[in-house]
Structure formats: structure tokens, C-alpha cells
Amino acid sequence: MGRSTGRAGTGPASSQAAGVRTVDGPPPLAPLYARSLLRRPRRAVDFPRTTVRAQGVRADVERVAAFCRATGFPVRDVLPLPVPHLLGFGLQVDLLVREPFPFRLLGLVHVRQSFEQSAPLPVDAPLDVFVRAVGMRAHQRGATVELLTEVSRAGTAQVVWSGRSRYLARGVRMPGTPVAEERLPAPEGEGTLWRVPADTGREYAALSGDVNPIHLSRPTARLLGFRRALAHGVWTASRSLAALGGPAPAAARFEVAFGAPLLLPSTVRHVARQVPGGWETAVRSRDGSRVHLTGRLTRR
Amino acid sequence: MTRRAAIVAGNRTPFVRAGRRYAQVSAQDLLVAALDGLVARCGLAGERLGEVVAGAVLKHSRDLNLTREAVLSTALDAATPAYDVQQACATGLETAVLLANKIALGQVESGIAGGADSASDAPIALDDRLRRVLLDLSRARTPAARLAALSRLRPGQLRPVPPRNAEPRTGLSMGEHAARTAAAWEVSRQAQDELALASHRNLAAAYERGFLDDLLTPYLGVRRDDLLRPDTSLEKLAALPPVFGRDLEQPATMTAGNSTPLTDGAAVVLLASDEWAAQHRLPVLAHLVDAETAAVDHVHGEGLLTAPVWAVPRLLQRNGLTLDDLDVVEVHEAFASTVLATLAAWEDEEFCRDRLGLEKPLGSVDRARLNPVGSSLATGHPFAATGARILATTAKLLAERGGGRALISICAAGGQGIAALVEA
């Protein structure tokens with residue numbers, strides 16, 4: 001997933017009269033979700049240049065262990081590659097709710113995610129986390145916004161981990177031709193069965209803070225137009241990464257594209273194929289008719 | 001003559017008192033951490049080893065393939081087979097003996113032995129009556145049969161059953177058993193405290209001179225065993241109240257200071273043929289020469305932790321050795337009193353003659369050669385990990401002094417014990 005190329009432009013936040021807003025740490029998300037319902041989206045199809053920052057935050061052992069139990073990673077001395085995303089997620093929500101975007105937070109669809117690190121981060125290390133929007137572009141079903149999360153060891157300037165999250169705002173009209181996303185290869189094969197229980201969304205919500213009602217229960221998901229609760233995309237991506245052979249390389253990039261929602265409970269198939277320099281993965285419905293996720297792990 | 005297994009390297013996590021820094025991690029996580037460090041230090045990524053054998057004493061029923069599952073999380077070739085072994089506190093050394101025997105027979109060229117235990121993440125079982133009700137319920141095919149099964153449910157069965165640190169056949173905890181042996185051998189409080197002090201001082205000195213640098217990999221920010229008290233003293237140890245043997249006639253002598261607490265951790269050791277080690281350009285520290293296990297009838301009077309008293313003379317005799325031929329003696333410090341009672345038994349003419357069948361006492365262990373870099377009282381004792389910790393430590397001690405002969409002795413629950421000879 002390259003830098004976005006939408007009309008509204010990219011470029012570092014500093015080039016565009018942008019501010020940095022510091023928050024004390026990951027904010028409680030339930031009030032922010034509630035607030036997002038009340039907020040009127042901005043008229044202009046553009047995104048704010050503000051960076052939201054939290055300094056000295058830690059992924060403590062308890063939280064990392066809960067993440068590992070939920071996704072299948074062993075608890076190592078270093079953070080599993082997706083974990084810094086959890087530290088930045090609250091800042092993403094804060095940015096999307098408090099800053100003016102041309103859409104509401106609730107209803108956004110997570111379509112793409114990448115995690116990349118130049119070196120592993122130790123469990124419990126104090127980290128600085130920065131989140132900003134870096135682009136919008138037209139999409140066949142609306143417009144996408146890309147949020148960049150950057151993480152450095154506290155007090156250092158060097159970004160060692162970065163994540164790109166692309167969300168689709170359905171129905172937002174954006175000038176310009178929709179840019180086709182690069183498709184990720186979807187390996188074929190029988191793979192392994194995952195039995196994903198109904199409480200997966202609640203368990204992951206409790207440890208990640210992502211309490212979006214679509215993940216919590218069938219009634220709350222119905223309010224937002226889904227038949228059943230659906231698994232968090234980052235949970236699905238993390239479990240896929242954890243299921244690959246052996247530990248991920250120290251310097252690596254894992255990118256995923258989300259397809260059909262993974263409704264809970266489900267039995268799905270995980271297919272992984274080793275390729276030069278990494279792995280390709282796919283999570284498919286048991287009958288193979290739907291693809292929930294395609295992913296690619298590359299050694300850096 | 002068969003070939004001998006080379007001890008190539010060892011690695012472990014720092015050991016941590018239960019309920020502290022490792023409270024949220026499992027025995028499998030700990031085993032992965034220990035393996036990760038060994039794989040990294042010895043360049044084993046992608047390597048297909050002959051086998052990995054390890055175990056845990058506090059083991060969940062879901063962990064039937066604990067070691068194999070741990071191997072699959074490491075960078076070792078997934079074609080490396082693995083199996084689990086469980087022999088209480090002897091587990092870690094027993095795994096090494098099993099692997100060494102396969103190497104000696106030429107069945108495998110290389111492998112990793114070890115163990116992991118988390119007392120923090122201990123299994124909690126269902127009440128056994130409830131378990132039977134549930135099993136019968138799952139077999140019931142008619143509503144009447146289901147009802148019959150359900151009618152046996154009682155509220156009291158819903159209480160979970162935590163693991164007990166007690167011998168099934170005696171009902172006594174290990175500490176209470178050790179207290180009885182200590183009383184029988186009249187092991188004094190002061191002697192126990194002195195042994196504990198030496199353990200802490202020796203381990204602290206070993207850390208200071210970097211002895212553990214290539215035997216241990218930090219985990220979750222822990223760099224040293226958190227039980228280690230470099231600044232403890234006889235006065236501090238003497239001030240602790242006795243915890244075991246308070247119901248005996250003799251004064252109680254065993255305290256939290258001269259007994260090992262519940263500990264979390266993992267340890268592994270790489271064994272190989274000399275040829276394999278040479279091909280992989282890995283220096284050999286020492287060789288595992290021979291081993292002997294023993295058991296005593298602890299249900300009918302023998303001391304629970306005294307089996308090594310029998311194992312060691314048999315091992316030495318088979319190899320034509322005496323205690324004087326040993327440069328290093330590693331006796332696992334389950335309790336200070338266990339070590340001291342073992343040494344006292346070997347010095348006792350009557351006991352050696354009547355019980356061990358020796359013509360003269362086995363002899364005395366030179367204290368300067370006993371646990372020279374500390375043992376379980378200072379490091380802690382994650383049950384299944386202790387054997388691999390001691391084996392790697394012993395091999396390095398011999399390599400460091402440029403050769404020699406060492407004895408390892410480890411007591412275990414169930415009235416069992418294991419002893420091994422290591423040479424460099």
C-alpha cells in the first residue's frame with residue numbers, strides 16, 4: 001500500500017499549517033463513539049492535518065499477554081508486530097471524532113491495514129505514538145481515508161514502527177477517479193480450520209479498547225446494519241500472523257486487505273503459503289466462497 | 001564403547017517468584033522464551049534437530065504436546081520432533097539423560113532438553129465428581145439417562161480444585177516431608193541458614209563476574225533471578241520464622257529463607273554428538289557421561305527427598321569413582337536441609353553400611369566444590385526447569401576450569417531422585 005494519491009493530497013503534516021495535539025494517553029473510547037453520533041460531518045471533502053500524540057505510553061505485560069492469549073502469539077520479550085496499533089487506536093478514534101472529517105466514525109469500514117517495523121519493540125518500553133490522516137481518495141463506494149500511526153521509543157525521534165489504516169466512508173462523494181487498490185495474492189488450499197467463538201469480539205474489545213458496537217453482540221451489531229457481530233479486522237490479521245511458522249522477522253511488514261466481514265461465531269479456513277522473503281495468507285469462509293482477509297508478510 | 005553426548009550450550013529465562021512478573025504467561029510461553037534464546041545464541045534458526053524433549057510439572061490437560069507446540073513457535077525447522085516428559089523435579093535432568101542416550105546410541109545427532117514451569121499459571125481442575133457427571137452426561141443417549149446424570153449434581157462440586165503441593169499417598173507437603181528428614185538427621189537451623197547464605201553469595205558473585213551472561217536471556221524486562229538477595233546475611237536469615245515442621249517434637253528449623261518458594265521459569269540445554277558440534281562450529285563445554293535414578297518408599301518411612309542418597313553411590317561405583325574424584329558437586333537445593341541431610345547420610349558409617357550396603361562411608365563433599373555458583377535457594381526452582389539449569393551450569397563450570405569431573409544430584413517428589421556424571 002503506497003502513500004495515498006488522492007486529490008486531497010498527502011505530505012507531512014508540518015507542511016500544511018498543522019497542529020499537534022497531545023493527549024495524556026489512550027482515551028476511553030465508549031464516550032468518543034457516543035459523541036461521534038452527535039457530531040455533524042464537515043461539508044468540505046477534506047481531512048484535517050492535525051497530529052494527535054501520546055507520549056510515554058506502554059504496552060504493559062498484562063495487556064500484551066491478553067493480546068497473545070486472544071490471537072495465539074507466544075508472550076515474548078518483544079511486542080508482537082500488531083500490538084503498537086493498539087496503542088495508536090485510541091488516538092485514531094480521538095482524531096476522527098474531535099477533528100473535522102467529512103464522515104462519522106461509526107459506520108466506517110476498515111478496508112486495509114499494514115504494520116511495519118525496523119526493529120522489535122520491548123514489552124513495557126515507554127513509547128511515543130503519533131497519529132494523523134495522510135490522505136483521502138475516491139473509492140467506488142465512497143471515499144477512503146488513510147491514517148498513519150508512527151511509534152518511536154519515548155524521547156527519540158526515530159520512527160521504528162508504523163501502521164497504515166485505511167477506512168472506507170460509504171456514500172461520501174469525492175471528486176476524481178477511484179484508484180484501484182493493489183490486490184494482495186490470496187493463496188489457495190485447504191489450510192487450517194479456525195473455530196471462532198461468539199465472544200471473540202467482546203474479548204478483543206476488552207483488551208484493545210475498540211468497543212465499536214458492531215463487534216460486541218448480535219443486537220448491537222444489528223443496530224448498525226449487520227446480521228451478527230463481526231470479528232475485529234485487526235484480530236483476524238493478528239491471528240493470521242501468529243499462525244505463520246516461527247517468529248516473524250525482526251524487521252518486517254505485514255499488510256492485509258479486509259474482504260467480507262467475519263461474522264461471529266464462525267468456522268473459517270486459514271491458508272498460509274511461504275514465499276521468498278515471507279508469507280502470503282488468506283482467511284476464507286469454510287466453503288471457500290468468501291474471502292475475509294488476504295495478507296502478506298515481507299522481511300524488510 | 002559408545003560415544004558420549006556433548007553439552008554444547010544452555011539457556012534459561014531469569015527465574016521469578018510466582019505471581020510476580022511472569023504471572024500472566026504460561027509454561028509454554030516460558031519454554032518458547034528459553035528456546036528462542038538458545039536458537040539465537042547457537043544459530044539454530046531453520047535447523048532440523050534430532051528432537052526436543054522437555055516437560056512441565058504443573059501441566060494443563062490441554063498441553064499434551066507442550067514441547068512440540070513450543071517448538072512450532074520457534075525458528076527451529078518445523079520438522080523437528082518433540083515429546084514431553086514428566087518426572088517431578090527430576091524432569092529437566094531426565095530429559096537430558098534420555099536425549100544423551102539417543103545421541104550415544106547414534107539415533108540422533110543433536111537435540112534440546114529442558115523444562116518449564118509456571119506456578120502462577122497453575123491448572124485448576126474440576127471437582128472429580130462433577131467431572132464424572134459431565135462425562136456421563138456426554139455419553140447419555142436418552143432423556144432419562146441425562147436426568148440420572150444431572151441428578152448427581154451437588155452445589156459443592158462447583159468448587160474448583162487448585163493443585164495441592166502435597167504427596168498423594170502421605171498427605172504431607174514437600175516441606176513437611178523435608179522437615180521430618182531434617183529432624184531425623186538433626187540438621188541445625190544455623191547450618192541451613194549458612195547454606196542459604198552461601199547460595200545467595202555464590203550466585204551474586206557469579207552474576208558479577210558475568211558467568212551467567214551466556215546461560216540466560218532476559219525475559220519481560222527481568223535480567224536476573226528475582227529471588228536472589230545479594231545483601232542477605234545470617235542475621236536476616238536467622239530472624240525468619242520457621243514454616244515447616246512446627247508440629248514435630250524437635251524445634252522447627254525450616255524457614256522461607258532456607259526453602260525454595262514457588263517459581264516461574266524455563267531452562268533448556270543443547271546436546272549433540274561431537275561431530276555435529278564440530279560441523280556447526282559450536283564448542284563443546286563437557287560431556288554427559290552417565291546417570292542413575294533411584295526411588296525410595298517414602299510412604300512407609302523413607303525420607304521423601306532422599307532418593308539421591310541411593311542414586312549417587314550406585315552411579316559412582318559403576319564408574320569406579322569416589323566423592324574425592326569430583327571437582328564440582330551440584331546438589332539441588334530444594335531445601336537447605338535436604339542438601340545437608342544428604343551430605344550427612346554419606347558421611348554416616350552406620351547408614352552407609354546398613355542402608356547403602358557400602359563397606360565404608362561414601363565420604364564428605366568438600367564445601368568449596370559444592371554448588372560453587374549458587375543453586376535453587378538463590379535462583380528459585382521452577383520444578384521442571386531446574387535440571388537443565390544445573391546441567392548447563394555444571395558444564396560451563398567444568399569448561400571454565402579447563403576440564404574435570406562433576407556430579408549432579410536432584411531430588412524429586414514421589415520419593416525419586418536422579419544423579420548424573422559430567423566430564424570435560
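Residues numbered from 1 in each chain as written. Chains lettered and ligands numbered in written order. Predicted model: local features only at pLDDT ≥ 70, side-chain atom pairs only at ≥ 80, totals over all residues. Heavy atoms only, no water.

Things to note about the overall build of chain B
Okay, so step 1: Along chain B, the regular secondary structure elements total 14 helices and 12 strands.
Okay, so step 2: A globule of 424 residues ought to have a C-alpha radius of gyration of about 22 Å, and chain B, at 22 Å, matches this closely.
Okay, so step 3: Looking at chain B residue by residue over its 424 residues, the buried ones come to 55%.
Okay, so step 4: Expressed as a percentage of contacts within chain B between residues at least 6 apart in sequence, the contacts between residues at least 24 apart total 79%.
Okay, so step 5: Accessible area for chain B stands at about 17,700 Å²; split by element, carbon and sulfur atoms hold 51% of it.
Okay, so step 6: Here chain B contributes 44 positive and 50 negative side-chain charges, whose respective centroids are spaced 7 Å apart. (Helix = DSSP H or I, 4+ residues; strand = E, 2+ residues; numbered from the N terminus. Rg over C-alpha atoms; globule rule 2.2 N^0.38 Å. Buried < 20%, exposed > 50% of the residue type's maximum accessible area, 1.4 Å probe, protein only. Contact = heavy atoms within 4.5 Å. Areas by Shrake-Rupley, 256 points an atom, 1.4 Å probe, with all protein chains shown as cover. Lys, Arg positive; Asp, Glu negative; His and termini not counted. Charge placed at Lys NZ, Arg CZ, Asp CG, Glu CD.)

Remarks on the packing of aromatic side chains
Okay, so step 1: Summed over the entire model, instances satisfying the criterion amount to 9 aromatic pairs over all chains.
Okay, so step 2: With centroids separated by 5.9 Å and ring planes inclined at 25°, the aromatic side chains of A:Phe67 and A:Phe73 adopt a geometry described as stacked. Pair check on accessibility: A:Phe67 and A:Phe73 agree, each one buried.
Okay, so step 3: With a centroid separation of 5.4 Å and 35° between ring planes, the pair formed by A:Phe101 and A:Phe103 is classed as tilted. Each of the two residues, A:Phe101 as well as A:Phe103, counts as buried.
Okay, so step 4: Through successive ring pairs, a cluster of aromatic residues spans A:Phe67, A:Phe73 and A:Tyr204.
Okay, so step 5: Between the NZ or CZ atom of A:Arg239 and the centre of the ring of A:Trp194, over which it lies, the distance is 4.5 Å.
Okay, so step 6: Sitting over the face of the ring of B:Phe15, B:Arg12 holds its NZ or CZ atom 4.4 Å from the ring centroid. (Phe/Tyr/Trp six-rings, centres within 6.5 Å; stacked < 30°, edge-to-face > 60°. Lys NZ or Arg CZ within 6 Å of the ring centre and 35° of its normal.)

Some words on the packing of helix α1 (residues 27-42) of chain B against helix α2 (residues 66-73) of chain B
Residues and elements named next belong to chain B.
Okay, so step 1: One way to put it is that α1 packs onto α2 with a least axis distance of 9 Å and a crossing angle of 50°. Judged by the inter-axis angle, α1 sits oblique to α2. Classified by chirality, the crossing of α2 by α1 is right-handed. Contacts between α1 and α2 involve Ala27, Gln28, Leu31, Val32 and Leu35 from the former and Leu66, Thr67, Glu69, Ala70, Val71 and Ser73 from the latter.
Okay, so step 2: A per-class count over the contact of α1 with α2 returns 7 nonpolar, 3 polar and 1 charged. (Axes fitted to C-alpha atoms, helices over the stretch in contact; angles between N-to-C directions. Parallel < 35°, antiparallel > 145°, perpendicular 65-115°, else oblique. Left-handed = near helix turned anticlockwise from the far one by under 90°. Nonpolar A, V, L, I, M, F, W, Y, C, P; charged D, E, K, R; others polar.)

Concerning the interface of chain A and chain B
Okay, so step 1: With 12 residues of chain A at the contact, the number on the chain B side is 14 residues.
Okay, so step 2: Between chain A and chain B, the buried area comes to about 1,100 Å², and carbon and sulfur atoms account for 50% of it.
Okay, so step 3: Looking only at chain A, the three residues that lose the most surface to chain B are A:Val75, A:Arg76 and A:Asp77, adding up to 42% of its buried area.
Okay, so step 4: One can count 9 residue pairs in polar contact (both at pLDDT 80 or more) joining chain A with chain B.
Okay, so step 5: When the residues that make up the side of chain A that touches chain B are grouped by side-chain class, the tally is 6 nonpolar, 1 polar and 5 charged. (Buried area = accessible area lost by both parts, 1.4 Å probe. Polar contact = N/O pair within 3.5 Å; in protein donor to acceptor, adjacent residues only side chain to side chain.)

Digging into the pairing of strand β4 (residues 127-139) of chain A
All names here are of chain A.
Okay, so step 1: β4 sits mainly inside the fold: 12 of its 13 residues count as buried.
Okay, so step 2: The sheet contact formed by strand β2 (residues 51-57) and β4 spans 5 bridges and is antiparallel. The partner of arginine 53 across the bridge, within β4, is phenylalanine 130.
Okay, so step 3: As defined by bridge partners, β4 adjoins strand β5 (residues 142-153) across 12 bridges and the pair is classed as antiparallel. Within β5, the position partnered with methionine 136 by the bridge is valine 145. (Pairing = 2+ DSSP bridges.)

Structural notes on the domain arrangement of chain A
Residues and elements named next belong to chain A.
Okay, so step 1: Per the domain assignment, the segments making up chain A are domain 1 (1-182) and domain 2 (183-300).
Okay, so step 2: A C-alpha centroid distance of 19 Å is found between domain 1 and domain 2.
Okay, so step 3: Counting residues at the interface gives 31 residues for domain 1 and 30 residues for domain 2.
Okay, so step 4: In total, about 2,800 Å² of surface goes out of reach between domain 1 and domain 2, with carbon and sulfur atoms giving 57% of it. (Domains from an automatic or database assignment.)

A few points about unusual backbone geometry
Okay, so step 1: In this chain, A:Leu264 is followed by A:Pro265 through a cis amide linkage whose omega measures -10°.
Okay, so step 2: For A:Pro265, the location among the structural elements is in the loop between β8 (252-258) and β9 (266-275).
Okay, so step 3: In this model, B:Glu186 sits at a positive phi of 50°, which is unusual for a non-glycine residue.
Okay, so step 4: Relative to the helices and strands, B:Glu186 resides in the loop between α6 (174-184) and α7 (189-208).

A short note on the pairing of strand β3 (residues 51-54) of chain B
Residue and element names in this part refer to chain B.
Okay, so step 1: Both faces of β3 are covered, namely the face carrying Glu51 and Val53 and the face carrying Val52 and Ala54.
Okay, so step 2: The pairing of β3 with strand β5 (residues 110-117) spans 3 bridges and is classified as parallel. Looking at the pairing, valine 53 lines up with alanine 113 of β5.
Okay, so step 3: Where β3 lies against strand β4 (residues 82-84), 3 bridges are found, and the strand directions are parallel. The residue bridging alanine 54 from the neighbouring strand is aspartate 84, located in β4.
Okay, so step 4: Tracing the backbone out of β3, into α2 and back to the parallel element β4 gives a crossover that is right-handed. (Right-handed = clockwise from strand over helix to strand, strands pointing away.)

Things to note about the packing of helix α10 (residues 307-318) of chain B against helix α11 (residues 336-347) of chain B
Residues and elements named next belong to chain B.
Okay, so step 1: Direction vectors running N to C along α10 and α11 enclose 50°, while the axes themselves pass 9 Å from each other. Between α10 and α11, the angle is such that the two are oblique. α10 and α11 meet at a crossing whose hand is right-handed. Of α11, the residues touching α10 (which contributes Pro308, Val309, Val312 and Pro313) are Thr342, Ala345 and Trp346.
Okay, so step 2: Across the contact of α10 with α11, the residue classes break down as 6 nonpolar, 1 polar and no charged.

As for the nonpolar core
Note that soluble globular proteins tend to have their nonpolar side chains buried in a common cluster.
Okay, so step 1: Counting 116 residues, the largest nonpolar core has A:Phe103, B:Leu44, B:Ile112 and B:Leu270 as the members making the most contacts within it.
Okay, so step 2: Tallying contributions element by element places α1(B) first for this core, with 10 residues.
Okay, so step 3: Split by domain, the residues of this core number at least three in each of domain 1 (1-182) and domain 2 (183-300) of chain A.
Okay, so step 4: If sequence neighbours within four positions are ignored, B:Leu270 has contacts with B:Ala6, B:Ile7, B:Val8, B:Ala9, B:Leu38, B:Cys42, B:Leu44, B:Gly111, B:Ile112, B:Trp276 and B:Leu282.
Okay, so step 5: Judged by nonpolar contacts, the second largest core, of 64 residues, contains B:Met174, B:Ala267, B:Val269 and B:Leu271. (Core = buried A, V, L, I, M, F, W, Y, C linked by side-chain atoms within 4.5 Å.)

As for the sheet that holds strand β10 (residues 278-285) of chain A
Residue and element names in this part refer to chain A.
Okay, so step 1: Spatial strand order, β1-β2-β4-β5-β6-β3-β8-β11-β10-β9-β7: 11 strands in an open sheet with mixed pairing. Looking at strand neighbours, the two that pair on one side only are β1 (20-23) and β7 (192-196), the edges of this open sheet. The sheet shows a mean angle of 20° between the axes of neighbouring strands, taken without regard to direction.
Okay, so step 2: Of the strand pairs in this sheet, strand β3 (residues 109-117) and strand β6 (residues 159-170) are connected by 8 bridges, and their pairing is antiparallel. Looking across to β6, one finds that arginine 112 is bridged to arginine 166.

Re the environment of B:Leu215
Residues and elements named next belong to chain B.
Okay, so step 1: By secondary structure assignment, the location of leucine 215 is in the loop between α7 and α8 (234-238).
Okay, so step 2: Spatially, the C-alpha atoms of leucine 215 and valine 268 are 9.5 Å apart, while their sequence positions differ by 53 residues.
Okay, so step 3: What leucine 215 contacts, discounting residues up to four positions off in sequence, is Gly10, Asn11, Arg12, Arg41, Ala392, Thr393 and Lys396.

Describing the confidence of the model for chain A
Okay, so step 1: Per-residue confidence for chain A gives a mean pLDDT of 90, with 94% of residues at or over 70.
Okay, so step 2: With pLDDT under 50 throughout, residues 1-17 of chain A is counted as low confidence; its partners more than four residues away or in other chains account for 44 contacts. (pLDDT = per-residue confidence, 0-100.)

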